[in-house]
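Below are the chains, spelled out letter by letter.
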Amino acid sequence: SQTIHQWPATLVQPVGSPLSLECTVEGTSNPNLYWYRQAAGRGLQLLFYSVGIGQISSEVPQNLSASRPQDRQFILSSKKLLLSDSGFYLCAWSVLGSGFNLPLHFGNGTRLTVT
Amino acid sequence: AQRVTQPEKLLSVFKGAPVELKCNYSYSGSPELFWYVQYSRQRLQLLLRHISRESIKGFTADLNKGETSFHLKKPFAQEEDSAMYYCALFAGNNRKLIWGLGTSLAVNP
């Protein structure tokens, strides 16, 4: 069966420090991969998605970047964190080319607090 | 513009009462709609998708194209239904899910 792992679960980082959040998927090949941010009162915001290794689409201009070095690995990064980067970050996957049959499968999320 | 609206931030009902979580969408194409749920300390997960026309945990949702709605309903709410519910629209032309802001359902004993 497919599983998705996201870590760390919580993270407290000072302003200006770098960030690296990792997500891996097991039990499937060539998944679509996503990074979302869930903010109170703002719902779910898609940050990045990837349909293959090295292919990253950015949805909103921001202080963050994403990379997909391997088929089932998706990394969210920042060189210098801002206070506004605080939030709950969710990784998700769906079947490649699933189109109208997709559901998204979410990880447990990372609570990031920038101090 | 593609948009999903969940007008209620918080919905509070008593156990055994009927519950309806509202979702309205704006999309010019043929919509594909989902309900996701997030229970306390659990991951966000799919509850329903309209193409399945199924009932999950007693919940149903019918797509009403005339009213552009996809309301989630359950005739008798249970305490374990307390959770955050998100309605989402799949905009097929750019392969993205458009999310509502969510409704927090509290079922009181």
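Residues numbered from 1 in each chain as written. Chains lettered and ligands numbered in written order. Predicted model: local features only at pLDDT ≥ 70, side-chain atom pairs only at ≥ 80, totals over all residues. Heavy atoms only, no water.

A. Structural detail: the overall build of chain B. A count of helices and strands for chain B gives zero helices and eleven strands. Beginning at the N terminus, the succession of helices and strands in chain B can be written as β-β-β-β-β-β-β-β-β-β-β. Taken over C-alpha atoms, the radius of gyration comes to 13 Å for chain B, in line with the 13 Å a tight globule of 109 residues would show. Taking the principal axes of the C-alpha coordinates as reference, chain B spans close to 45 × 30 × 25 Å. Buried residues in chain B amount to 44% of all 109 residues. Computing the positive centroid from 14 side-chain charges and the negative centroid from 9, chain B places the two 7 Å apart. (Helix = DSSP H or I, 4+ residues; strand = E, 2+ residues; numbered from the N terminus. Rg over C-alpha atoms; globule rule 2.2 N^0.38 Å. Buried < 20%, exposed > 50% of the residue type's maximum accessible area, 1.4 Å probe, protein only. Lys, Arg positive; Asp, Glu negative; His and termini not counted. Charge placed at Lys NZ, Arg CZ, Asp CG, Glu CD.)

B. Main features of the pattern of salt bridges. Residue and element names in this part refer to chain B. With the rule as written, the count across this model stands at four salt bridges over all chains. Here glutamate 20 makes a salt bridge to lysine 22, at a shortest N to O gap of 3.1 Å. Note on glutamate 20: relative accessible area 27%, which makes it partly exposed. Lysine 22 sits in the partly exposed class, given a relative accessible area of 29%. (Salt bridge = Lys/Arg side-chain N within 4 Å of Asp/Glu carboxyl O.)

C. Here's a closer look at the interface of chain A and chain B. Counting residues at the interface gives 22 residues for chain A, matched by 19 residues for chain B. Here chain A meets chain B over a buried area of about 1,800 Å², counting both sides, of which 56% is carbon and sulfur. In this assembly, chain A and chain B are joined by zero salt bridges. Across the chain A-chain B interface, the total number found is six residue pairs in polar contact (both at pLDDT 80 or more). A class-by-class count of the residues in the side of chain A that touches chain B yields eleven nonpolar, nine polar and two charged. (Contact = heavy atoms within 4.5 Å. Buried area = accessible area lost by both parts, 1.4 Å probe. Polar contact = N/O pair within 3.5 Å; in protein donor to acceptor, adjacent residues only side chain to side chain. Nonpolar A, V, L, I, M, F, W, Y, C, P; charged D, E, K, R; others polar.)

D. Geometry of the layout of surface pockets. By volume, the largest pocket is sized at about 200 Å³. For the largest pocket, the full set of lining residues is Tyr36, Arg42, Leu44, Gln45, Leu46 and Glu59 of chain A together with Val4, Lys96, Leu97, Ile98, Trp99 and Leu101 of chain B. Elements that contribute at least two residues to the lining of the largest pocket include exactly β5 (43–52) of chain A together with β10 (96–99) of chain B. Of the residues contributing to the lining of the largest pocket, the split by class is eight nonpolar, one polar and three charged. (1 Å grid on protein atoms, 1.4 Å probe; cavity = no way out; pocket = protein on both sides within 12 Å on 5 of 7 lines; lining within 4 Å. Points joined across faces, edges and corners; volume = space filled by probe spheres on them.)

E. The state of the cysteines, seen in detail. Residues and elements named next belong to chain A. Inspection of the entire model under this criterion finds two disulfides over all chains. Here cysteine 23 connects covalently by a disulfide to cysteine 91, the sulfurs 1.9 Å from one another. Here the disulfide of cysteine 23 and cysteine 91 is left-handed, its torsion about the S-S bond being about -75 degrees. Taken together, the positions of cysteine 23 in strand β3 (residues 19–26) and cysteine 91 in strand β9 (residues 87–94) put the pair 68 residues apart, joining distant regions of the chain. Exposure remark for cysteine 23: the relative accessible area of 1% places this residue in the buried category. (Disulfide = S-S within 2.5 Å.)

F. Highlighting the sheet that holds strand β8 (residues 72–74) of chain B. Residues and elements named next belong to chain B. Across the sheet, which stays open at both edges, the three strands sit in the order β3-β8-β7 with antiparallel pairing between neighbours. Two strands close off the open sheet at either side, each with one partner strand: β3 (19–21) and β7 (60–61). Strand direction decides the pairing type here: β3 and β8, joined by three bridges, are antiparallel. Along β8, the bridge assignment pairs glutamate 20 with lysine 73. (Pairing = 2+ DSSP bridges.)

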